Amino acid sequence: MVVVVREAEIVEAPSVLGLRPSGVQDLPAALLGAGLRERLGAVGAGRVEAPAYDPRRDEETGILNPEGIARYSADLADAVDGVLGRGRFPVVLGGDCSVLLGALLALRRRGRHGLLFLDGHTDFYQPSAEPTGEAASMELALATGRGPRLLADLEGRGPLLRDEDVVAFGFRDSAESDEAGMQPLPTRLRAIGLDEVRAVGAGAAARRAVGHLTTGGSAGFWVHLDVDVLDDALMPAVDYRLPGGLSWEELETVLATALAGEHAVGLTVTIFNPRLDADGTRAVRLVECLGRGWSARLGVR
């Protein structure tokens, strides 16, 4: 059967409300400058600007910029919903990981969907355990309905995801998160950490993830890529570094497996910090990786 390829539309989402103005807000410009639009054969779908950043931690929620993130999530959801309404595949370029909430809100407006969460961290912190109140360390918890209602129940539609519709893939932060007192991942959420990926191989692990996401009754799944899932030696242009991680080839395999069928409905790319990539070589390699993953949608299955 020939796979029907939906044209990609790129939404620029340079928000740092869930982190800090460290440089990740330059991610869209860096990847577009490195040829991402051409590599995907994509068109632009506009840019969603974030409210002003407030460095003060909110006393009620314990989170930085909670009101701003809630407003931004709705605005970004409108942009993503427009892409979906045109029958296209949204590629959202962050910013920090809190932009995932806007993408998932767009899907939640349409029904039940899943999430393939590719990240070196599990991002399941509760505000009391997150040292600085950054929502970029909490977005998976918030998306599954855990945390202050302002962000865990966006538009009264929370949770945005059911636990059983999520696969956390490639993480390697278990020791760090345990030490910090992060709440554990729920048992119904499928966890495929880096150790399991290495034990069975990236391709087999990715097939397990996609199999899980396509047999539970959801209408499709979103793919979230935090580039710190990559090996730190290969991708040091991130704000929170951890030793180890996936190789470029492993990530390309995972993306190709996830994107090959019709079940994947969108993609976020976050956390790449161009200010830590002085010669631009990591941006070029990341664009190449994304292009190779996307090319799986052009094949015959």
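Fair warning: this is a prediction, and the values are worked out from it, not measured in the lab.

Calculation rules
- Residues numbered from 1 in each chain as written.
- Predicted model: local features only at pLDDT ≥ 70, side-chain atom pairs only at ≥ 80, totals over all residues.
- Heavy atoms only, no water.
- Helix = DSSP H or I, 4+ residues; strand = E, 2+ residues; numbered from the N terminus.
- Rg over C-alpha atoms; globule rule 2.2 N^0.38 Å.
- Buried < 20%, exposed > 50% of the residue type's maximum accessible area, 1.4 Å probe, protein only.
- Contact = heavy atoms within 4.5 Å.
- Areas by Shrake-Rupley, 256 points an atom, 1.4 Å probe, with all protein chains shown as cover.
- Lys, Arg positive; Asp, Glu negative; His and termini not counted.
- Charge placed at Lys NZ, Arg CZ, Asp CG, Glu CD.
- Core = buried A, V, L, I, M, F, W, Y, C linked by side-chain atoms within 4.5 Å.
- Salt bridge = Lys/Arg side-chain N within 4 Å of Asp/Glu carboxyl O.
- Pairing = 2+ DSSP bridges.
- Axes fitted to C-alpha atoms, helices over the stretch in contact; angles between N-to-C directions.

Engineer: Just to check I follow, could you spell out the overall build of the protein chain for this structure?
Structural biologist: Looking only at helices and strands, the protein chain features eleven helices and eight strands. A globule of 301 residues ought to have a C-alpha radius of gyration of about 19 Å, and the protein chain, at 17 Å, matches this closely. Based on the C-alpha atoms only, the size of the protein chain along its principal axes is roughly 55 × 45 × 40 Å. A total of 301 residues make up the protein chain; the buried ones form 59% of that total. When contacts within the protein chain are restricted to residue pairs at least 6 apart in sequence, those whose partners lie at least 24 apart make up 78%. Surface exposure of the protein chain reaches about 11400 Å², of which carbon and sulfur atoms provide 50%. One way to put it: in the protein chain the 31 positive side-chain charges average out to a point 6 Å from where the 43 negative ones average out.

Engineer: What is the right way to read the nonpolar core from this model?
Structural biologist: Residues Leu31, Leu116, Phe169, Val223 and Phe272 are the most contacted members of the largest nonpolar core, which totals 57 residues. Ala77, Ala129, Leu151 and Val265 belong to the second-largest nonpolar core, a separate cluster that totals 45 residues.

Engineer: Would you mind showing me how to read the pattern of salt bridges here?
Structural biologist: Side-chain pairing between opposite charges can occur once the charged atoms of the two side chains come close. In the structure shown here, the tally under the stated rule is 25 salt bridges. For Glu252, the salt bridge identified is with Arg285, shortest N-O distance 2.9 Å. You can see Glu252 sitting in helix H10 (residues 248–259) and its partner Arg285 sitting in helix H11 (residues 281–294), a full 33 residues away along the chain. Assessed through its relative accessible area of 11%, Glu252 is described here as buried. Its relative accessible area of 18% is what places Arg285 among the buried residues. When salt bridges that share partners are traced, they join Glu7, Glu9, Arg86 and Arg88 into one network.

Engineer: Just to check I follow, could you spell out the sheet that holds strand S2 (residues 43–47) for this structure?
Structural biologist: The pairing of strands in a sheet happens through backbone hydrogen bonds and is either parallel or antiparallel. The strand order across the open sheet built from eight strands is S2-S1-S3-S8-S7-S4-S5-S6, with neighbouring strands paired in parallel fashion. Because the sheet does not close on itself, it has two edges, and the strands there are S2 and strand S6 (190–192). Across the sheet, the mean angle from the axis of one strand to that of its neighbour is 15°, orientation sign disregarded. Inspection of the sheet shows strand S1 (residues 8–12) paired to S2 by three bridges, in the parallel sense. What sits directly across from Glu9, in S2, is Val43. Strands strand S4 (114–118), strand S7 (221–226) and strand S8 (264–270) of the sheet are contacted by helix H4 (residues 100–108), whose axis makes an angle of about 175° with S7. Against the sheet, H10 makes contact with strand S3 (89–93), S4, strand S5 (166–169), S7 and S8, and its axis sits at roughly 165° relative to S7, the strand it touches most.

Engineer: What is the right way to read the pairing of S5 from this model?
Structural biologist: Regular strands have side chains that alternate between both faces of the sheet. The alternating pattern of S5 places Val166 and Ala168 and Val167 and Phe169 on opposite faces, both of which are buried. Across three bridges, S5 lies against S6 in parallel orientation. Bridging from a neighbouring strand, Val167 pairs with Arg190 of S6.

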